[in-house]
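Breakdown of the fold
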Amino acid sequence: MYLNLSYRAPRVFFRATFVISALVFLAGAVPPALADSSPLTPQTKIRLTVVQWIPSKGQFERWDGIGGEYTVSDSGIISLPFLGSLAVGNLDNEGLTSEIGKRLQAKMGLAQAPAVTIDILNYPSIYVVGDVMAPGEYKFHSGLSVLQSLAMSGGPLRAAAQQQSDTIKLAGDLREIDHALLRSAAKLARLQAEMTGAKEIVFDQPPAADRQYAESIYQEERVIFQARASALDKQSVALVELRNLLNAEIETLEEKLKGSDDNIQSVEEQLTSVRTLVQKGLTITSRQMDLERLLTTYRSDRLDLVTAIMRGRQAINETTRNLEGLSDNRRSDNASEVQAEKANLDQLKLKRDTTQQLLLEEVSNGARVMNRSDELPLTFSVSRRHKGGVNQFPASETTELAPGDVVRVTRARFADAPSKDDAALPVQTEAHVSQASR
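Residues numbered from 1 in each chain as written. Predicted model: local features only at pLDDT ≥ 70, side-chain atom pairs only at ≥ 80, totals over all residues. Heavy atoms only, no water.

- The name that an unreviewed UniProt entry assigns to the protein is Exopolysaccharide biosynthesis protein, with the source organism given as Rhizobium croatiense.

Let's talk about helix H2 (residues 93-108)
- Taking 1.5 Å as the rise per residue, H2 with 16 residues should run 22 Å; its terminal C-alpha atoms sit 23 Å apart, in good agreement.
- Asn93, Leu96, Thr97, Ile100, Gly101 and Leu104 are the residues of H2 that are buried. Seen from one end, H2 has its buried residues packed into an arc of 135°, which puts them on one side. Residues of H2 that are exposed and angled more than 90 degrees away from the buried face: Glu94, Lys102 and Ala106.
- At its buried positions, H2 is contacted by strand E1 (45-54), strand E4 (77-80), strand E5 (84-87) and strand E6 (115-122).
- Phi turns positive, to about 65°, at Gly109, one or two residues after H2. (Helix = DSSP H or I, 4+ residues; strand = E, 2+ residues; numbered from the N terminus. Expected span 1.5 Å × (residues − 1). Buried < 20%, exposed > 50% of the residue type's maximum accessible area, 1.4 Å probe, protein only. Arc of directions from axis to C-beta. Contact = heavy atoms within 4.5 Å.)

Thoughts on the pattern of salt bridges
- Applying the stated criterion across every chain, the model contains 18 salt bridges.
- In this structure, Lys45 engages Glu69 in a salt bridge whose closest nitrogen and oxygen atoms are separated by 3.5 Å. Of this pair, Lys45 sits in strand E1 while Glu69 sits in strand E3 (residues 68-71), and the two are 24 residues apart along the sequence.
- On the basis of relative accessibility, which here comes to 30%, the residue Lys45 falls in the partly exposed class.
- Of the residues examined, Glu69 reaches a relative accessible area of 48% and is grouped as partly exposed.
- Residue Arg302 is joined to Asp261 by a salt bridge in which the shortest nitrogen-to-oxygen separation is 2.4 Å. Remark: Asp261 occurs in helix H5 (residues 211-280) and Arg302 occurs in helix H6 (residues 285-370); sequence separation between them is 41 residues.
- If you follow the salt bridges from partner to partner, you end up with Arg190, Glu194, Glu221 and Arg228 in one network. (Salt bridge = Lys/Arg side-chain N within 4 Å of Asp/Glu carboxyl O.)

Observations concerning the UniProt feature "coiled-coil region" (unreviewed entry) in the protein
- Within this structure's numbering, the places UniProt gives as "coiled-coil region" (unreviewed entry) are residues 236-270.
- Between the end C-alpha atoms of residues 236-270 the distance is 51 Å, and the span holds 100% helix and 0% strand. (UniProt positions renumbered as here; feature names shortened; annotations may be inferred.)

Quick word on the environment of Leu359
- Note that Leu359 resides in helix H6.
- We classify Leu359 as buried; its relative accessible area is 0%.
- Between the C-alpha atom of Leu359 and that of Lys169, which follows or precedes it by 190 residues, the distance is 9.2 Å.

Observations regarding the nonpolar core
- Residues Leu48, Ile78, Leu80, Leu96, Ile100 and Leu401 are the most contacted members of the largest nonpolar core, which totals 34 residues.
- Mapped onto this core, the elements with two or more residues apiece are E1, E4, H2, E6, strand E7 (126-130), helix H3 (146-152), strand E9 (378-386) and strand E11 (406-411).
- If we skip the residues at most four places from it in the chain, Leu96 touches Leu40, Ile46, Ile78, Leu86, Leu91 and Ile118.
- By size, the runner-up hydrophobic cluster in this structure holds ten residues, among which are Leu182, Ala193, Ile217 and Phe225. (Core = buried A, V, L, I, M, F, W, Y, C linked by side-chain atoms within 4.5 Å.)

So, the packing of aromatic side chains
- Inspection of the entire model under this criterion finds three aromatic pairs.
- Their ring planes at 75° and their centres at 5.2 Å tell us that Tyr123 and Phe140 sit as a pair that is edge-to-face. Of the two residues, Tyr123 is situated in the loop between E6 and E7 and Phe140 in the loop between strand E8 (136-138) and H3; the sequence distance between them amounts to 17 residues. Considered together, Tyr123 and Phe140 belong to a single accessibility category, that of buried residues. (Phe/Tyr/Trp six-rings, centres within 6.5 Å; stacked < 30°, edge-to-face > 60°.)

Let's talk about the environment of Arg190
- With respect to the helices, strands and loops of the structure, Arg190 is situated in helix H4 (residues 159-196).
- Classification of Arg190 as buried rests on a relative accessible area of 5%.
- The sequence separation of Arg190 and Arg222 amounts to 32 residues, and the corresponding C-alpha distance is 7.6 Å.
- Residues within four places of Arg190 in sequence aside, it is in contact with Ile201, Glu221, Ile224, Phe225 and Arg228.

A word on the pairing of E11
- Alternating residues of E11 divide into Val407, Val409 and Arg411, all buried, and Val406, Arg408 and Thr410, none buried.
- As paired strands, E7 and E11 are joined by four bridges and run parallel to one another. From the neighbouring strand, Val128 faces E11, where its bridge partner is Val407.
- Here six bridges tie E9 to E11, and the two strands are oriented antiparallel to one another. (Pairing = 2+ DSSP bridges.)

Overview of the sheet that holds E7
- One open sheet accounts for five strands, arranged E8-E7-E11-E9-E10; its pairing is mixed. Since the sheet does not close on itself, it has two edges, and those belong to E8 and strand E10 (389-395), each with one partner. The average undirected angle you get between the axes of adjacent strands in this sheet is 25°.
- Where E7 lies against E8, three bridges are found, and the strand directions are antiparallel. Considered in E8, the bridge of Tyr127 is made with Glu137. (Axes fitted to C-alpha atoms, helices over the stretch in contact; angles between N-to-C directions.)

Following this line, the structure appears as structure tokens:
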């Protein structure tokens, strides 16, 4: 008996060890953050695993009905099946697992509390704002410092580099607007030439810097102008040919109608003679009936010819209207396009003036910034949630961040008093704008 017990005990021990190892593998390795004793902050996403040892079966069972992925609400509450809402409060990972185990034991009347494990899947993001190259939201990990968050956001904002980047962007926008103005003016000249029925398009003289680009645009508009004029001529020719064909068809039908009238008159004369002979008993009535049927057929054919002639004349009238309205429709469409293009041209001119003014200011600011140093000290401050409120405190590069923190980076700035060289800047900016836009 003692031999059997000593033999079964290692088997049960090894089976339990294997099951626990398998459950740990399925649940995922516990990250180093589990050892952190800090409370679980709102918006923390966790994975809950509940396991109970069943002595009668000699194995562990997972409670999948309670386990799963949950997120701590903004008010610090986790809603669990069977247990309901559970306030996290200042509980850390270990405290929360112990609390859930105790509540399950008391709720279900268990002799021993089940094993509860919590894996932290995602922490709330941190936010970096202020004088950084790429402010925004970034993923938190354990041990994240202020200096690391600064590196994640692209480093401190370099005033001279930013000014130069903005100047280049505005110069590119100004160049694009100039090209759009050329395209709009060329299209407007083409539409006006189509409205007046001109044979050629008269374009405005382009600036010397854009002459090559303008010539390509003008050539495209000439091709469109010729293609639309050719299409209009082809439509006119087609309608004229259709009208001529319909007239010829009507003439043919009228000739047939004359022949039909002659046939009807001949049959009517024959029918009058036959009727006289039938009354006198000199011929049979079947001859009279044949002539009446023939007369009916001729009259029906005549009605078909008259209907065909009426339809032909209706088609001629419709073709004539289409031919006369072809040019009117084209002029109406051109007028609408001219109106829309003029509005577009006005908007582009307004946009160009605004962009040019912004470029002037950027060049002025850029010249002022280039004369000053960018290597100015950085200051950091952190905003952190605490007991339903937000605390803001100064920080250093080595300050360790918590989930949900907002890091504000501020670079010291010189006073905005004008320097001695600022008076000469407006005189230089016109040349800078002219060069930048080209």
